[in-house]
Amino acid sequence: MAEKQLLLEVVTPDRMVLSTEAEVVVLPGAEGQFGVLPGHIPFLSALEIGEMYYKAGGKTEYLAVSGGFAEVTGEKVTIVAESAEVGREIDVERAKRAQERAEKRIAAGKTAEIDWARAEAAMRRSLMRMKVAGR
């Protein structure tokens, strides 16, 4: 691994989404957004639904992540997420359909019982995926 680089790995229950070297990694932590540089103190953090990005070779790449955990060591960042998608791979039409379904559930919730937390999470995921896809 090159000097002043981190190994970044993003995994989900389905697949290894990403394994690359990065100069900096920025994540949506449960306590707020945080950044990691090479040599960072080791720690573990819960992740929220949000966008993460990393910089490598002068380029910034964005990913959509939905919950999970980040393990940070001085040389490596491992993301274990419920779901994660690289921005350029996101199906925007699918994300729009998910947003429409979530909106219908929330609107129906005014007259019927729904799982508000689940409907809100679905809405946040779909909006975040569209935002990341647009970068």
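Everything numeric here is computed off the predicted structure, so don't read it as measured data.

K.L.:
Looking at this structure, I do not really get the side chain of Thr12. What am I missing?
P.N.:
Residue placement: Thr12 occurs in the loop between strand S1 (6-11) and strand S2 (16-22). Setting aside residues no more than four positions away along its own chain, Thr12 makes contact with Val17, Ala81, Glu82, Ser83 and Ala84.

K.L.:
What exactly am I supposed to notice about the pairing of strand S8 (residues 76-86) here?
P.N.:
Side-chain positions along a regular strand alternate between the two faces of the sheet. Bridge count for S1 against S8 is five bridges, and the pairing is parallel. Residue pairing in the sheet places Glu9 in a bridge with Thr78 of S8. Sheet topology places strand S7 (residues 59-72) next to S8; nine bridges connect them, and they run antiparallel. Its bridge partner being in S8, Gly68 is matched across the sheet by Ala81. Hairpin geometry of S7 and S8 is characterised by an intervening segment of three residues between the two adjacent antiparallel strands.

K.L.:
Explain the nonpolar core to me, please; I cannot follow it from the model alone.
P.N.:
Counting residues in hydrophobic clusters, the biggest one holds 22 residues, and the most contacted among them are Leu8, Val10, Val25, Leu27, Met52, Val77 and Ile79. Elements with a minimum of two residues in this core: S1, S2, strand S3 (24-29), strand S4 (32-36), strand S6 (50-56), S7 and S8. Ranked by residues supplied to this core, first place goes to S8 with five residues. Beyond its immediate sequence surroundings of up to four residues, Val77 is in contact with Leu6, Leu7, Leu8, Glu9, Val25, Leu27, Val36, Glu71 and Val72. With five residues, the next largest nonpolar core counts Ile49, Ala64, Ala121 and Val132 among its residues.

Cut-offs applied
Residues numbered from 1 in each chain as written. Predicted model: local features only at pLDDT ≥ 70, side-chain atom pairs only at ≥ 80, totals over all residues. Heavy atoms only, no water. Helix = DSSP H or I, 4+ residues; strand = E, 2+ residues; numbered from the N terminus. Contact = heavy atoms within 4.5 Å. Pairing = 2+ DSSP bridges. Core = buried A, V, L, I, M, F, W, Y, C linked by side-chain atoms within 4.5 Å. Buried < 20%, exposed > 50% of the residue type's maximum accessible area, 1.4 Å probe, protein only.

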